[in-house]
Amino acid sequence: QVQLVESGGGLVTPGGSVRLSCAASGFTFSRTIMSWYRQAPEKEREWVATITGISGSTNYADSMKGRLTISRDNAKKTVYLQMDSLKPEDTAVYYCNAKVVRLPGFLNYWGQGTQVTVSS
């Protein structure tokens, strides 16, 4: 079955960096669009970044553009999110998402999330 396991969150001081990882299994990772979302307390889940499977094209939320790098290692079936210049408002649970082909369409799968807290 599909599994997505995030790791790498924790407490970070403002201006610091963190790299999140999401290890995937149960589907053809190299061909799957992978994304990161986040959900802050009492807010709706919001999209953060996406990377496509074959070409590795990336796209970022405007609110965080310039501070994020999404990447993937298809051999390790892992997607990463590097976040720099972190701000307190980046505090949230960060979720990995896989848009898996299930003909005739797609199914979205989610990890359990990893908490990132930005605080001094």
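A quick note: this is a predicted structure, and the numbers were derived from the prediction, not measured.

1. Quick look at the overall build of the chain
Helix and strand counts for the chain come out as 0 helices and 11 strands. When its helices and strands are written in sequence order, the chain yields β-β-β-β-β-β-β-β-β-β-β. Whereas a compact globule of 120 residues would reach a radius of gyration of roughly 14 Å, the chain reaches 14 Å, a difference of no more than 12%. For the chain, the C-alpha atoms occupy an extent of roughly 45 × 25 × 25 Å along the three principal directions. The burial tally for the chain puts 42% of its 120 residues in the buried class. Within the chain, counting contacts between residues at least 6 apart in sequence, those at least 24 apart form 53% of the total. Within the structure as shown, the chain displays about 6500 Å² of accessible surface, and the carbon and sulfur contribution to it stands at 49%.

2. Here's the deal with the state of the cysteines
Per the stated rule, a full pass over the model turns up 1 disulfide. Two residues share a disulfide in this structure: Cys22 and Cys96, whose sulfurs sit 2.1 Å from each other. Residues Cys22 and Cys96 are joined through a disulfide that is left-handed, its torsion about the S-S bond being -80°. Here the residue Cys22 occupies a position in strand β3 (residues 18-25), and Cys96 occupies one in strand β9 (residues 92-102), the gap between them amounting to 74 residues. Across this residue pair, the class does not change: Cys22 and Cys96 are buried.

3. Points about the sheet that holds β3
The strand order across the open sheet formed by 4 strands is β1-β3-β8-β7, and the pairing between neighbours is antiparallel. Taken across any chain shown, the strands that pair with only one partner, and hence form the sheet edges, are β1 (3-7) and β7 (68-73). Direction aside, the axes of adjacent strands within the sheet are offset by 15° on average. Bridging between β3 and strand β8 (residues 78-83) involves 6 bridges; their strand directions are antiparallel. Across the sheet, residue Ala23 finds its bridge partner in β8, namely Thr78.

4. Looking at the side chain of Asp90
As for its position among the elements, Asp90 is in the loop between β8 and β9. Under the relative-accessibility criterion, Asp90 is labelled buried at 1%. When near neighbours in sequence (up to four residues on either side) are disregarded, Asp90 contacts Arg38, Met64, Arg67, Ser85, Val116 and Val118.

5. Observations regarding the environment of Thr117
The residue Thr117 is located in strand β11 (residues 114-118) in this model. Measuring from C-alpha to C-alpha, the distance between Thr117 and Leu11 comes to 4.8 Å, with 106 residues separating the pair along the chain. With sequence-adjacent residues up to four places away left out, Thr117 is seen in contact with Gly10, Leu11, Val12 and Thr91. Of note is the side chain of Thr117, whose polar atom sits 3.3 Å from the side chain of Gln115.

Analysis parameters
- Residues numbered from 1 in each chain as written.
- Predicted model: local features only at pLDDT ≥ 70, side-chain atom pairs only at ≥ 80, totals over all residues.
- Heavy atoms only, no water.
- Helix = DSSP H or I, 4+ residues; strand = E, 2+ residues; numbered from the N terminus.
- Rg over C-alpha atoms; globule rule 2.2 N^0.38 Å.
- Buried < 20%, exposed > 50% of the residue type's maximum accessible area, 1.4 Å probe, protein only.
- Contact = heavy atoms within 4.5 Å.
- Areas by Shrake-Rupley, 256 points an atom, 1.4 Å probe, with all protein chains shown as cover.
- Disulfide = S-S within 2.5 Å.
- Pairing = 2+ DSSP bridges.
- Axes fitted to C-alpha atoms, helices over the stretch in contact; angles between N-to-C directions.
- Polar contact = N/O pair within 3.5 Å; in protein donor to acceptor, adjacent residues only side chain to side chain.

Shape descriptors only; they carry no functional weight alone.
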